[in-house]
Amino acid sequence: MSSKKKILVIQPVHDLGMELLINNPNFEYETTNDISENNLKSKIVNFDGVSVRTAILNKDIINEAKNLKIISRHGVGYDNIDLPKAKEKGIQLAITSNANAVTVAEHVMFMLLNLSKKKDMYDKTVRSGNFTDRNKLPKTIELCGKNILIAGFGRIGQSLIKRCLGFEMKVYVYDPFVDKEKIEKLGGKKIESLNESVKEMDAISLHVPLNKNTKNLINYDLLKTMKRNCIIINAARGGIINENDLDKALNENLIYGAGLDVFETEPPSKNNPLLKNNKVFLSPHTAAFTEECMIRMGKETIQNIIDFFDEKLEKSKLVKF
Ligand SMILES: NC(=O)c1ccc[n+]([C@@H]2O[C@H](COP(=O)([O-])OP(=O)(O)OC[C@H]3O[C@@H](n4cnc5c(N)ncnc54)[C@H](O)[C@@H]3O)[C@@H](O)[C@H]2O)c1
């Protein structure tokens, strides 16, 4: 490399990731926690590479970049990046594709178990001195033998199926872009029609990207065809489930419960009805926030930039758009 490449790290990454840049003779870097449009527009101008977590890099911000060659996402979703503008400017996009599938899949199991075992109910009973109420409490639900639909069978979906099979669930997969043989090899059954299959499901977990085809994929019309004991988990992106429709369906007892790690607006507005709905189990977009995963993502997002400029970044880390 002829001169030092300038890297902007937007939002903090794990120290072990930063260590890859500190004292690296080929790079100089700056960090920023201010993700306002104005700050990012003025900052981005002279940088060659950018690492970004959830900050929105819209077309106006990307347009200001004069030297930018690579945006490295700390994570795998990239709906916060304006792809047409990045493409127009010849900027590549890398993701931390090896870092978080297992972590999100574990979080889905955590949500599924919390909902089916009625989070806190037994714990509260014992702590409040009501041990002998055990026979009067509502019954919990087993996962064993239940039908689960995994919608989106990429990295996370394929990690989740192993965990579901470990619990002896029957796994159905909806992903028009993955062939039947692959799904069957991993122990699932391919579903052709989402609308038809949801009627038979005890659980549904969403692992599709957010785009115009998946926005409001789960809406009231679909919710009302589901089994009353169905649990829906969304650890993909807010907006794939229509939140008002979900609240309505839960209040009308059309389904049993929902686990949400992601929201249409993050943070969700105070008026979001789901915040008051006790049939929902919530987490603040933290499905990938284990200590182990933060280290992997922090290292991978920085390493992807280094490898890009060293011309040895694996093609699979780059998003095609
Ligand atoms: N909650 C979190 O912290 C967190 C962390 C990581 C990823 N995510 C989100 O999880 C989702 C999946 O991530 P991944 O790494 O598995 O992605 P991936 O690209 O590996 O897999 C996505 C899969 O969805 C399929 N798909 C695309 N459009 C579809 C459609 N209309 N119907 C059915 N299937 C469709 C694709 O064929 C692909 O197999 C993304 O939305 C990502 O943003 C969330």
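Residues numbered from 1 in each chain as written. Predicted model: local features only at pLDDT ≥ 70, side-chain atom pairs only at ≥ 80, totals over all residues.

A. Fine view of the packing of helix α5 (residues 101–116) against helix α7 (residues 155–166). At a minimum axis distance of 8 Å, the contact between α5 and α7 shows a crossing angle of 50°. Compared by their axis directions, α5 and α7 come out oblique. Both α5 and α7 take part in a crossing whose hand is right-handed. Mapping the contact onto sequence places Ala101, Val102, Val104, Ala105, Val108 and Met109 in α5 and Arg155, Ile156, Ser159, Leu160 and Arg163 in α7. A per-class count over the contact of α5 with α7 returns 8 nonpolar, 1 polar and 2 charged. (Axes fitted to C-alpha atoms, helices over the stretch in contact; angles between N-to-C directions. Helix = DSSP H or I, 4+ residues; strand = E, 2+ residues; numbered from the N terminus. Parallel < 35°, antiparallel > 145°, perpendicular 65-115°, else oblique. Left-handed = near helix turned anticlockwise from the far one by under 90°. Contact = placed C-beta atoms within 7 Å. Nonpolar A, V, L, I, M, F, W, Y, C, P; charged D, E, K, R; others polar.)

B. Geometry of the domain arrangement of the protein. For the protein, the domain assignment lists domain 1 (5–99 + 292–317) and domain 2 (101–282). The straight-line distance from the C-alpha centre of domain 1 to that of domain 2 is 32 Å. Facing the 5 residues of domain 1 at the interface are 5 residues of domain 2. Looking at side-chain class alone, the side of domain 1 that touches domain 2 contains 2 nonpolar, 2 polar and 1 charged residues. (Domains from an automatic or database assignment.)

C. Main features of the nonpolar core. Within the largest apolar cluster, 57 residues are counted, with the highest numbers of intra-cluster contacts made by Leu149, Ile150, Ile204 and Ile232. Here this core gets 7 residues from one element, more than from any other, and that element is α5. Here this core spans two domains, and each of domain 1 (5–99 + 292–317) and domain 2 (101–282) adds at least three residues to it. Leaving out residues up to four positions away in the same chain, Ile204 has contacts with Leu149, Ala151, Val198, Cys230 and Ile232. With 32 residues, the next largest nonpolar core counts Phe27, Val50, Ile81 and Ala94 among its residues. (Core = buried A, V, L, I, M, F, W, Y, C linked by C-beta atoms within 7 Å. Buried ≥ 20, exposed ≤ 12 C-beta atoms within 10 Å, placed from the backbone.)

D. Main features of helix α11 (residues 243–251). The set of residues buried in α11 consists of Glu243, Leu246, Ala249 and Leu250. Within α11, the buried residues cover an arc of 125° as seen down the axis, which keeps them to one side. Against the buried residues of α11 lie α10 (220–223), β11 (257–260) and β12 (280–282). (Arc of directions from axis to C-beta.)

E. Molecular detail of the pairing of strand β1 (residues 5–10). Counted residue by residue, β1 has 5 buried out of 6 residues, so it is predominantly covered. In terms of strand pairing, β1 meets strand β2 (residues 27–32) through 6 bridges, oriented parallel. By the bridge assignment, Lys6 is partnered in β2 with Glu28. Of the strand pairs in this sheet, β1 and strand β3 (residues 49–52) are connected by 4 bridges, and their pairing is parallel. By the bridge assignment for β3, Ile7 is matched with Gly49. (Pairing = 2+ DSSP bridges.)

F. How the structure looks around α5. The end-to-end C-alpha separation of α5 is 23 Å, in line with the 22 Å expected for 16 residues at 1.5 Å each. In this structure, the buried side of α5 is in contact with α7, β9 (203–206), β10 (231–234), β11, β12 and α12 (291–309). Following α5 by one or two positions, Lys118 has its phi on the positive side, about 50°. (Expected span 1.5 Å × (residues − 1).)

G. Fine view of the sheet that holds strand β4 (residues 70–73). Taken in spatial order, the 5 strands line up as β2-β1-β3-β4-β5 in an open sheet, and their pairing is parallel. Looking at strand neighbours, the two that pair on one side only are β2 and β5 (92–94), the edges of this open sheet. Strand-to-strand twist in this sheet, taken as the mean axis angle between neighbours without regard to direction, amounts to 20°. In the packing of α12 onto the sheet, contacts are made with β1, β3, β4 and β5, and the angle to β4 comes to roughly 155°.

H. Focus on the site of the ligand. Taken together, 32 residues are adjacent to the ligand, and Gly77, Gly152, Gly154, Ile156 and Phe177 come closest. Sorting the residues of the shell around the ligand by element identifies α5 and α7 as the ones contributing at least two each. Here the shell around the ligand gets 3 residues from one element, more than from any other, and that element is α7. In terms of residue class, the shell around the ligand is built from 18 nonpolar, 10 polar and 4 charged. The residue makeup of the shell around the ligand includes at least three contributed by each of domain 1 (5–99 + 292–317) and domain 2 (101–282). (Near = placed C-beta within 6 Å.)

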